[in-house]
Amino acid sequence: MTWLSFHRVRDLPWAALAGAVALLIAGVFAAFYEEQLYQTQRAQAALGEAQTLAASVSAALSFGDRNAAEEYVRPMLVNPGIAAAGIYKKDGSLLTGLARDGGRALSPRLSSLTAMTNARELVVPVVQSGTALGWVYLRLSPEPRATRLSRYAVVVLLAFMAIFVIVGLGNAQGRLARQSESLSAANARLQSEIAERERVEEELRQSQKMEALGQLSGGIAHDLNNHLMIVKGNLHLLKKKLSLPDGDRHLQGADEGIRRAAALTQRVLGFSRKQSLSPVETDLNELVIGMRDLIRSSLRENIETEPHLDARSKVLVDRNQMENIILNIVVNARDALPAGGRVAISTRDVTLDDGGASRGFALLEIADTGVGMSPEVQAKAFDPFFTTKPVGQGTGLGLSTAYGFVTQSGGQMRIRSAPEEGTTISIYLPALVSEETSMGDRNG
Ligand SMILES: Nc1ncnc2c1ncn2[C@@H]1O[C@H](COP(=O)(O)OP(=O)(O)OP(=O)(O)O)[C@@H](O)[C@H]1O
Ligand SMILES: [Mg+2]
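A quick note: this is a predicted structure, and the numbers were derived from the prediction, not measured.

Focus on the nonpolar core
Core analysis: the largest hydrophobic core is formed by 40 residues, its most contacted members being Met322, Ile326, Met413 and Ile427. A per-element tally of this core places helix H8 (residues 319-335) first, with six residues. Here methionine 413 is in contact with Ile329, Phe382, Leu399, Ala402, Tyr403, Val406, Ile425, Ser426 and Ile427, once residues within four sequence places are set aside.

Below is the structure:
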């Protein structure tokens, strides 16, 4: 069965194998049974002939007439199933007998003086009126080869059938396995395409939402800013008119309020992308190093920072905006670390599948060991104005601004977080293809 590879044998349905084996066993049994039946029938027929001979030869035997006895023996050999026939006297010595040409001669003495029958020879007593006169001996011809062969042919045929069944099933099974493999591959492709489309649709919805919100809030912020400037100008005119001192408490309070409101409108404008970006070739590592003091002063004493700056590739971003975003994420991390902990800032080069083609990105990750986010918070964290912080402490614009900026810069932004397990914010920015980076190989 060399054409039946191990792999396919293993894949065969066990029921089919068992069926094939059962078929073989049934064949062997059938052959055996047929053999038994044939032997019994032959012995029966021979016994009949021996008894007929015994009945007809009794007179010749009682007279010891060898020639007469031989006349009865001769016709026995007409039957091709009989190889030799003999008449023995009461004491077991041979009176007369004939053996077929080429066959073994009859033995001059019967080995035992009892009636017996087996597959090859038989002995029956010659009895007249209750008196034993002698014995009739018959030797049967060996079964013709053709008969025996035909019996084994059945077994061989069944064996072949079993093998064909197994091979056929094996092939069918193999084909089925290959088909189901390619089906499940196609299914997996379909699933991933569906997932990809859902992701893209979700992204589109998100960006449309941001777009609408951006337009709305940008318009409001812009107008609000104008009104704030009017309030501020009039406040100063009023101060002059009333000749108030510079340190007037109420005036300072009003000024501070205007400053905060103006800062808020700037952030809203930033989110709504009304601020124009001026992207330049930037080394993220240098950018992070340049912000070292700023980052340090935004964190508390009980928070460690760990930079791992391994990126080699440069990116094209608006540096001011990028710094704002990093600062915002660092401040988020600080807020998530009320009891202190660690903020790791790392950069490295990665390759991402970008719509089928793989592309190089510089990855900036800011990971904290803080309180983390529940799945619900994580799902909304990029939404504009979503905040879990008390009124006055968060506008909920930090991450949404970052998200808008990063996607606008051709990058991607992801959150990995779980309650009590910290948060990692990943920013992927398309790597600028320069000669230095395309030569690859770094030892970061
Ligand atoms: N590192 C972090 N760990 C845990 N939760 C975070 C983290 N960063 C953001 N969040 C959650 O996401 C929300 C939105 O963050 P985002 O920066 O957009 O707004 P904010 O920090 O609340 O306000 P803003 O940044 O505008 O002052 C946060 O209120 C907080 O619930
Ligand atoms: Mg924030």
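So, the coordination of the magnesium ion (ligand 2)
Coordination sphere of the magnesium ion (ligand 2), protein contribution only: Asn328 (OD1) and Asn332 (OD1), at 2.1 to 2.6 Å. With a gap of four residues between them, asparagine 328 and asparagine 332 both fall in helix H8, about one helical turn apart. According to the relative accessible area criterion, asparagine 332 is partly exposed, its value standing at 23%.

Notes on the confidence of the model for the protein
Looking at the protein, the pLDDT average stands at 86 and 94% of residues meet or exceed 70. Of all secondary-structure elements in the protein, the lowest mean pLDDT belongs to helix H11 (residues 435-438), at 49, while strand E12 (residues 423-430) reaches the highest, 97. The low-confidence segment residues 1-6, where pLDDT is below 50, has six contacts with residues more than four positions distant or belonging to other chains. In the predicted structure, residues 437-444 sits below a pLDDT of 50 and forms 10 contacts with residues beyond four places in sequence or in another chain.

Quick notes on the packing of helix H4 (residues 145-241) against helix H5 (residues 249-271)
Following both chains from N to C, one finds H4 and H5 inclined at 155°, their axes separated by 8 Å at the closest point. Classified by the interaxial angle, the pair formed by H4 and H5 is roughly antiparallel. The two elements H4 and H5 cross, and the hand of that crossing is left-handed. A class-by-class count of the residues in the contact of H4 with H5 yields 16 nonpolar, eight polar and three charged.

Digging into the packing of aromatic side chains
Overall, the coordinates contain four aromatic pairs when judged by the stated rule. Taken together, a centroid distance of 6.2 Å and an interplanar angle of 80° make the contact between tyrosine 88 and tyrosine 137 edge-to-face. Residue tyrosine 88 is located in strand E1 (residues 82-89), and its partner tyrosine 137 is located in strand E5 (residues 131-140); the two are separated by 49 residues in the primary sequence. Taking relative accessible area as the criterion, tyrosine 88 reaches 1% and is therefore assigned buried. Residue class for tyrosine 137 comes out buried when judged on its relative accessible area of 8%. Here phenylalanine 361 and tyrosine 428 contribute two aromatic rings whose centre-to-centre distance is 6.5 Å and whose plane-to-plane angle is 85°, an arrangement assigned as edge-to-face. Here the residue phenylalanine 361 occupies a position in strand E10 (residues 357-368), and tyrosine 428 occupies one in strand E12, the gap between them amounting to 67 residues.

Reading the values: the criteria
- Residues numbered from 1 in each chain as written.
- Chains lettered and ligands numbered in written order.
- Predicted model: local features only at pLDDT ≥ 70, side-chain atom pairs only at ≥ 80, totals over all residues.
- Heavy atoms only, no water.
- Core = buried A, V, L, I, M, F, W, Y, C linked by side-chain atoms within 4.5 Å.
- Buried < 20%, exposed > 50% of the residue type's maximum accessible area, 1.4 Å probe, protein only.
- Helix = DSSP H or I, 4+ residues; strand = E, 2+ residues; numbered from the N terminus.
- Contact = heavy atoms within 4.5 Å.
- Donors = N, O, S within 2.8 Å, 3.2 Å for Na, K, Ca; no water.
- pLDDT = per-residue confidence, 0-100.
- Axes fitted to C-alpha atoms, helices over the stretch in contact; angles between N-to-C directions.
- Parallel < 35°, antiparallel > 145°, perpendicular 65-115°, else oblique.
- Left-handed = near helix turned anticlockwise from the far one by under 90°.
- Nonpolar A, V, L, I, M, F, W, Y, C, P; charged D, E, K, R; others polar.
- Phe/Tyr/Trp six-rings, centres within 6.5 Å; stacked < 30°, edge-to-face > 60°.

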